[in-house]
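Spelled out, the chains give:
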Amino acid sequence: MAEETTIPIGPQHPSLKEPANFELTVEGEQITGAELSISYNHRGIEQAVRSKSYLENIYLLERICGICSHSHTTAFVRGVEQLLGLSVPDRARYVRTLVAELERLHSHLLWLGVAGHEIGFDTLWQYAWRDREAVMDSLEELTGNRVHYSINTIGGVREDIDTETIDAIRDRMAELSDRIDFYLETVPAERTVQLRCEDVGVVSKQRAQELCAVGPTARASGVQGDVRKDEPYAAYDEVDFEVITAEDGDLLARLQVRIEELAESVAIIEQVLADLPEGELKASQKPPQALLAGIESGDVLSRYEAPRGELTHFIRSDGSDTPERVHVRVPTLANWPTVVEALKGSYIADTPIVVAGIDPCISCTSRIGVAVAEDEATLADATDSGVVGVDESGTDDDPGGYTLDDLREYGIEWYEGGDTR
Amino acid sequence: MSLAVELGQSLFYVLVFPGFAFLFGYALVAEYADRKLYARLQNRVGPPAVQPFADFLKLLSKESIVPEDAEGTIFEAAPIVALAGVLTPILYVPIWSVEAVFAFQGDLIVVLFLLTIPSFALIFGGWHSRNAFGQVGTVRTLTQLFGYEIPFFLACLAPAVAAGTWSVSGIASFVGTRPLYIPVFAIGFAVALLSLQAKLERIPFDVPEAETELVTGPLVEYSGRKLALFRLTKDVELVVGAALLSALFLGGPYPAGAIADVGSTAGAVIGFGVFLVKTLAIVFVLTVLRAVLARLRIEQLVSVFYLWLVPLALIQLAVVGVVGTTEVIP
């Protein structure tokens, strides 16, 4: 088959658990071009945030992602705490760290399983997911929930941790530690895994930096970058851990980095459990509504190292009881360009694992806003100055992006255009 | 023997034992054993014993769609041809005694030929489904076919050369009566096992189906009855392939002959028991392979077969030649 064929991967495809679309141009088995379309699952969360109180927004933002739910709430409450000038008590910071690392464990174990499945190694998938259950059980005991832990609140955490739970988590971590050693020893050494992952989906250090990759994806390419070290939050300045990096930038490096990060997370959890300070769980005894009544207007950018990489929440307060704007930049959005880069030149057979290699969370990403301007002139200004998200297809005459009128027209066309969609 | 009796007996062979009815049952048993062991290796509970049969019935009752763009006749004929292709060779493979139901000089070639039919049926069916995934999968099936068939044939050639016959029954009785030959065929047996795994399109060689890439490839447009037949084909192929390897490399029903007279009822029962043990053992090996490896890419697969398995199969032939001329084994 020498002629070029276009293969659509997605929006619905067995290897994608969520909708995204890749148009792959292939010559035989080799991919010569890749185009990515995302945002099939627009959820309107950022708009909804503007009509809810800060307190309600914690629960709304938690639901951006079913895997890194704690990441979103922590990023958000940290920002709001900064606006309020609250200092979080030590015990609450430690509990936040504990939940964050348990979340990283479950996210990375989930990824390990998915990666195994994508390369047809279903046994690894089943193994990793069984071990993940220990983490899920710990989270459930600790917070009462397996997925949306709802433990963060403005100024602290909502649940305390007792000695019984501490012991139970310690036991599980000891067991998990053995399992992680087993994975570290066996998975990267397995010949078929090497065949499928070595020199596949390579992103060089330079390209990773140029494309602004984050998290394990960037670290596997040798980019030193971890918000936990660069701008410590919660209790990360008080625990001892390594930022794991690798040099090769291929899938094997990402596999290695994520498994080693599992071990680091276990080490952090052990330290947190050992050094857990006594004290209050909340910054103030006042109800959060009372604290929030005194919020000043201002902007804050809150950074957080989610399992997939750096997550940022931009929060703008106008002094009212609802935020003026909350913009969320999830790590998957930052890592998509590396996927397009890595796909070109690889084999069709590598598509699932290259896509899965960044651990994409697709519906989290499907929230990106459209650049909206009041009229054409401000739109052109904004796109020229690069202030708003610029549609890359834009030209000088037509800067891309939409004005509110454009969007209105588009909406009317969509629903009334005789199209039965 | 009158013509009617002879005809009746032949029909019994073809339709009941060891033909369609037996193979159907045993194939489902083998699928169950395969799935259960696979599940246990992955720390799962696995399906109940009737699951393969239930799946088969369920598929039979479902709507069997022919896509609008598909070449209807070829698309519909493919699963039937595939199943017929794998049901026939069992008649030439010894099961309960040294002699297969039908045997003649050269039946080995017929068996090897018949076992390639399901792959070709899959290629024709998949290609004429006119589905992009199906067509890419078909190209992979074809590429893979060239990869595994040659080492498979070469590996099967080794016992044939040693026994000096092209009859599966003849080879089985040669190897069975000289068990010292079994270790001599070790390399060939390994090559044949891996080639069989590729023939069956199972992990690590399930490249054409590759669920996460090609959504089961050539099978993508198949549904209902036709899919049921293709799945049954795979199960039967597993059993027949295992039976063939057991006959060629492990001496078929032997050592049944050493315990009881091969012609007697007791001999037949023991021989049948040995057949079950040997074939299930082969199925188990193939299952373990499936559980502990990741899927290769198509070009990796081809290089594994050409750079490793073909030379190994040739070495096996040389070993057989040396053993044969030096007559170290009586």
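Residues numbered from 1 in each chain as written. Chains lettered and ligands numbered in written order. Predicted model: local features only at pLDDT ≥ 70, side-chain atom pairs only at ≥ 80, totals over all residues. Heavy atoms only, no water.

Asks: I would appreciate a short explanation of the UniProt feature "transmembrane region" (unreviewed entry) in chain B in the present structure.
Replies: All names here are of chain B. Within the UniProt annotation, "transmembrane region" (unreviewed entry) is assigned to residues 12–33, 77–96, 102–124, 145–168, 180–196, 236–256, 268–293 and 305–324. As annotated, residues 12–33 comprises 82% helix and 0% strand, and the C-alpha atoms at either end are separated by 27 Å. Across residues 268–293, helical content stands at 96% and strand content at 0%; the span's end C-alpha atoms are separated by 38 Å. (UniProt positions renumbered as here; feature names shortened; annotations may be inferred. Helix = DSSP H or I, 4+ residues; strand = E, 2+ residues; numbered from the N terminus.)

Asks: Please clarify how the packing of aromatic side chains should be interpreted in this entry.
Replies: Both the distance between ring centres and the angle between the ring planes are used here to describe each pair of aromatic rings. Residue and element names in this part refer to chain B. Inspection of every chain in the model, using the stated rule, returns 23 aromatic pairs over all chains. Ring geometry for F22 and Y26: centres 5.6 Å apart, planes at 15 degrees, overall stacked. Pair noted here: F22 and Y26 are both in helix α2 (residues 20–41), with a separation of four residues, about one helical turn. When the ring of Y26 is compared with that of F275, the centres are 6.0 Å apart and the planes differ by 45 degrees; the resulting orientation is tilted. Note that Y26 is positioned in helix α2 and F275 in helix α13 (residues 265–292), a separation of 249 residues in sequence. (Phe/Tyr/Trp six-rings, centres within 6.5 Å; stacked < 30°, edge-to-face > 60°.)

Asks: In this structure, what is going on with the UniProt feature "binding site: Fe cation" (unreviewed entry) in chain A? I would like to understand it.
Replies: Residue and element names in this part refer to chain A. The UniProt record marks C68 and C364 with the feature "binding site: Fe cation" (unreviewed entry), using the residue numbering of this structure. Spanning 297 residues, the named residues nonetheless gather at one spot, since no C-alpha pair among them exceeds 9.7 Å. Looking at the secondary structure, you find C68 in the loop between α2 (54–62) and α3 (69–84). The buried category is assigned to C68, whose relative accessible area is 5%. The residues contacting C68, other than those within four sequence positions of it, are E103, P307 and R308. By secondary structure assignment, the location of C364 is in helix α15 (residues 362–365). Ignoring anything within four residues of it in the chain, the contact list for C364 reads R43, I64, C65 and V330. (Buried < 20%, exposed > 50% of the residue type's maximum accessible area, 1.4 Å probe, protein only. Contact = heavy atoms within 4.5 Å.)

Asks: I keep staring at the interface of chain A and chain B and nothing clicks. Help me out?
Replies: Accessible area lost upon the coming together of the parts serves often as the stated size of an interface. Across the boundary between the two partners, chain A contributes 28 residues, which contact 24 residues of chain B. The junction of chain A with chain B conceals about 2,500 Å² of combined surface from both sides, 59% of it contributed by carbon and sulfur atoms. At the boundary of chain A and chain B, one finds one salt bridge. In this structure, the salt-bridge partner of D350 of chain A is R297 of chain B, at a minimum N-O distance of 3.0 Å. The tally of links between chain A and chain B comes to nine residue pairs in polar contact (both at pLDDT 80 or more). For the side of chain A that touches chain B, the secondary-structure elements that each account for two or more residues are β1 (4–9), α4 (90–118), α5 (122–143) and α7 (191–197) of chain A. Here the element with the most residues in the side of chain A that touches chain B is α5 of chain A; it accounts for five residues. When grouped by side-chain class, the residues that make up the side of chain A that touches chain B number 14 nonpolar, seven polar and seven charged. (Buried area = accessible area lost by both parts, 1.4 Å probe. Salt bridge = Lys/Arg side-chain N within 4 Å of Asp/Glu carboxyl O. Polar contact = N/O pair within 3.5 Å; in protein donor to acceptor, adjacent residues only side chain to side chain. Nonpolar A, V, L, I, M, F, W, Y, C, P; charged D, E, K, R; others polar.)

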